[in-house]
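# Remarks on the overall topology
The primary structure of each chain is shown beneath.
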Amino acid sequence: MNIQTTLTAAMTVAALLTGSGCAVSRGQESVGAYVDDATITTRVKSRFVENTDVDASAISVETLQGTVMLSGFAKNMKEKTTAEEIARMVNGVKAVKNEIALRP
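Keep in mind the model is a prediction, meaning the values are calculated, not measured.

Quick notes on the rules
- Residues numbered from 1 in each chain as written.
- Predicted model: local features only at pLDDT ≥ 70, side-chain atom pairs only at ≥ 80, totals over all residues.
- Heavy atoms only, no water.
- Helix = DSSP H or I, 4+ residues; strand = E, 2+ residues; numbered from the N terminus.
- Pairing = 2+ DSSP bridges.
- Right-handed = clockwise from strand over helix to strand, strands pointing away.
- Salt bridge = Lys/Arg side-chain N within 4 Å of Asp/Glu carboxyl O.
- Buried < 20%, exposed > 50% of the residue type's maximum accessible area, 1.4 Å probe, protein only.
- Expected span 1.5 Å × (residues − 1).
- Polar contact = N/O pair within 3.5 Å; in protein donor to acceptor, adjacent residues only side chain to side chain.
- pLDDT = per-residue confidence, 0-100.
- Contact = heavy atoms within 4.5 Å.

### Considerations on the environment of arginine 47
When you line up the elements, arginine 47 lands in helix 3 (residues 31-50). Put simply, arginine 47 and isoleucine 86 are 39 residues apart on the chain and 7.0 Å apart in space, counted from C-alpha to C-alpha.

### So, the pairing of strand 3 (residues 95-102)
Relative to strand 3, strand 2 (residues 67-74) is paired through 8 bridges, and the arrangement is parallel. Looking across to strand 3, one finds that threonine 67 is bridged to alanine 95. Tracing the backbone out of strand 2, into helix 4 (residues 77-88) and back to the parallel element strand 3 gives a crossover that is right-handed.

### Side note on the pattern of salt bridges
Tallied over the full model, the rule gives 3 salt bridges. Measuring nitrogen to oxygen at the nearest pair gives 3.7 Å for the salt bridge that ties lysine 78 to aspartate 53. Taken together, the residues lysine 78 in helix 4 and aspartate 53 in the loop between helix 3 and strand 1 (59-64) connect sequence positions 25 residues apart. Note on lysine 78: relative accessible area 52%, which makes it exposed. Judged by relative accessible area, which is 33%, aspartate 53 ranks as partly exposed.

### Here we look at helix 4
With 12 residues, helix 4 ought to run about 16 Å at 1.5 Å a step, and its terminal C-alpha atoms sit 17 Å apart, in line with that. Capping the start of helix 4, asparagine 76 holds a side-chain oxygen 3.2 Å from the backbone nitrogen of lysine 78, two or three residues further along.

### Notes on the confidence of the model for the protein
The predicted model of the protein has a mean per-residue pLDDT of 82, with 68% of residues at 70 or higher. Note on residues 16-26: pLDDT under 50 across the span, and 8 contacts to partners over four residues away in sequence or across chains.

### Observations regarding the side chain of threonine 63
With respect to the element layout, threonine 63 can be found in strand 1. Threonine 63 sits in the buried class, given a relative accessible area of 14%. Within the local environment of threonine 63, its side chain forms a polar contact with the side chain of threonine 41, the two groups lying 2.7 Å apart. Other than its neighbours up to four places away in sequence, threonine 63 contacts Asp37, Ile40, Thr41 and Val68.

So this is what it looks like as structure tokens:
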């Protein structure tokens, strides 16, 4: 590898690292907070998959600054409350907003 190729590769990596994620570039969250939120979302979703009372494919999970928002559809009230309880038990969750609608 010559010096020009190495320099070009280093500049490309630097540009990719500094231009990551829209939430970070808008100044809403630090990179660490963005990663923490992604981790929380992943943990909540994986616990939904493990739980037989919750249909993980019907419930969306989004996290912002430790607040988890649940949306989608539940078959009954038990599924809705179970999803909320699971989310609240995940480490790092500060609050849960349960916007899950019940299917008629």
